[in-house]
Amino acid sequence: QARSLDYGLGISPAPADRIFRLREYLNRHDLAGFIVPRSDEHQGEYVAKRSERLTWITGLTVSAGLAIILIETAAIFVDGRYTLQAENQVDVDIFERRHLINDPPTDWIVERLPKGGSLGYDPWLLTPNQVTRYADACKKAGGSLVPLQENPVDAVWEDKPPNPLAPVWHLDDRFTGETVTAKRERIASILKTKAVDAALLTASDSINWLLNVRGGDVPYTPVALSFAIIHADASLDWYIDVRKLTSGLIQRIGPNINLYEPSSLSQGLKNLGNARKTVSLDPGQVPAWTSTQLKDAGATLNFGNDPCQIIKA
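Residues numbered from 1 in each chain as written. Predicted model: local features only at pLDDT ≥ 70, side-chain atom pairs only at ≥ 80, totals over all residues. Heavy atoms only, no water.

How should the sheet that holds strand β8 (residues 198–201) be read in this particular structure?
Backbone-to-backbone hydrogen bonds pair the strands of a sheet. The strands run either parallel or antiparallel. Taking strand neighbours across the sheet as the criterion, the six strands line up as β12-β11-β10-β8-β13-β14 in an open arrangement whose pairing is mixed. For this open sheet the edge positions go to β12 (257–260) and β14 (300–303), each flanked by a neighbour on one side alone. Strand-to-strand twist in this sheet, taken as the mean axis angle between neighbours without regard to direction, amounts to 20 degrees. Pairing of strand β11 (residues 236–239) with β12, which is carried by four bridges, proceeds in the parallel orientation. Bridging from a neighbouring strand, Y239 pairs with Y260 of β12. The strands touched by helix α8 (residues 180–193) are β8, β10 (227–231), β11 and β12; relative to β10, the strand with the most contacts, the crossing angle is about 65 degrees. The strands touched by helix α12 (residues 288–297) are β8, β13 (278–281) and β14; relative to β13, the strand with the most contacts, the crossing angle is about 170 degrees. (Pairing = 2+ DSSP bridges. Helix = DSSP H or I, 4+ residues; strand = E, 2+ residues; numbered from the N terminus. Axes fitted to C-alpha atoms, helices over the stretch in contact; angles between N-to-C directions. Contact = heavy atoms within 4.5 Å.)

Dropping the structure here:
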């Protein structure tokens, strides 16, 4: 029964053929293995179907977990909520089942990564804090952690769902209690106090709260997926697929909001670096890719909490 689950991602039959194709890819690219987190670029609890890589490659339908797939072995890591579910859904001939907290992935890497092996990861899906932990584990094993430009799961996922395009709409001020302009000014004052020029926001709940918008890009949570950079002058650069924006939305949420496609985020980060700006970012939240882009471009990184979170709470 477990192997017939579909979850809207074509999970049936069991993913043995998918593991085989993934390992072929790893072999061709001289990789010892790959980390498959249950996350997207925004580190939200719920993700769009196109980001359900862990479910697609393992068959496990959970909201938290991680898999590490090596050429010769593999393991799936879940917490206590999903122990029995993993027993039913995951092929024991392919995956060891481990507890995410009691038997963490870092310990397994130290035990199983071949000496000299390169363990790949997608820098869009791990945070800087996670990269530091996994890199330390790889070093202890005598190997290395390697950022990849192409996600190997995506490379072998032939019928991967498209990006979500749910409409984005404005939540009226009578429900939010505060205008977008007022919220941006509050965040800007925090940045000035910390002598920071801008803050990178990648958490969907933060951006949707700040702009008083809602959407439908992921299940169970009415958010639109996007990225944002808020500056110390309270202006904001919003990186979102403009096809999702409903008529008149920008006029309703206020002035000094610059729209860009998500693909332009790289240039936006480079611009901050080229101008030698100091940029605040949350190392436990943002994609590691963003911190690398900023650092390589010459920005000064100010690691700290997402400035929206406490105010939003």
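So, next bit.
What is the right way to look at the pairing of β8 in this model?
On any regular strand, side chains alternate: one points to one face of the sheet, the next to the other face. Taking every second residue as pointing to the same face, both faces of β8 are buried, with A198 and L200 on one and A199 and L201 on the other. Pairing of β8 with β10 involves four bridges; the strand directions are antiparallel. By the bridge assignment for β10, L200 is matched with I229. (Buried < 20%, exposed > 50% of the residue type's maximum accessible area, 1.4 Å probe, protein only.)

Looking at this structure, I do not really get the packing of aromatic side chains. What am I missing?
For any pair of aromatic rings, the description rests on two quantities: the centre-to-centre distance and the angle between the ring planes. Applying the stated criterion to the full structure yields six aromatic pairs. A ring pair is formed by F77 and W108, whose centres lie 6.2 Å apart and whose planes are at 80 degrees; its orientation type is edge-to-face. In this pair, F77 sits in strand β3 (residues 74–78) while W108 sits in helix α4 (residues 105–112), placing the two residues 31 residues apart along the sequence. There is no split in this pair, since F77 and W108 are both buried. Connected via pairs of aromatic rings, a cluster forms that spans W124, F227 and W289. For the cation-ring pair, K160 lies above W157, with the distance from its terminal atom to the ring centre recorded as 5.8 Å. (Phe/Tyr/Trp six-rings, centres within 6.5 Å; stacked < 30°, edge-to-face > 60°. Lys NZ or Arg CZ within 6 Å of the ring centre and 35° of its normal.)

What's the story with the nonpolar core in this structure? I'm lost.
For soluble globular proteins, nonpolar side chains are generally found buried alongside one another. In this structure, V36, I57, L60, I69, I76, F95 and V153 are the most contacted members of the largest nonpolar core, which totals 26 residues. Looking at this core, the elements that each hand over two or more residues are α1 (16–28), β1 (33–37), α2 (53–58), β2 (66–70), β3 and α6 (152–156). When near neighbours in sequence (up to four residues on either side) are disregarded, I76 contacts L54, T58, L60, L66, A67, V90, F95, E96, R97 and R98. Formed by 25 residues, the second largest nonpolar core is a distinct cluster that contains I187, A199, L210 and I240. (Core = buried A, V, L, I, M, F, W, Y, C linked by side-chain atoms within 4.5 Å.)

Purely geometric stuff here, so don't read any function into it on its own.
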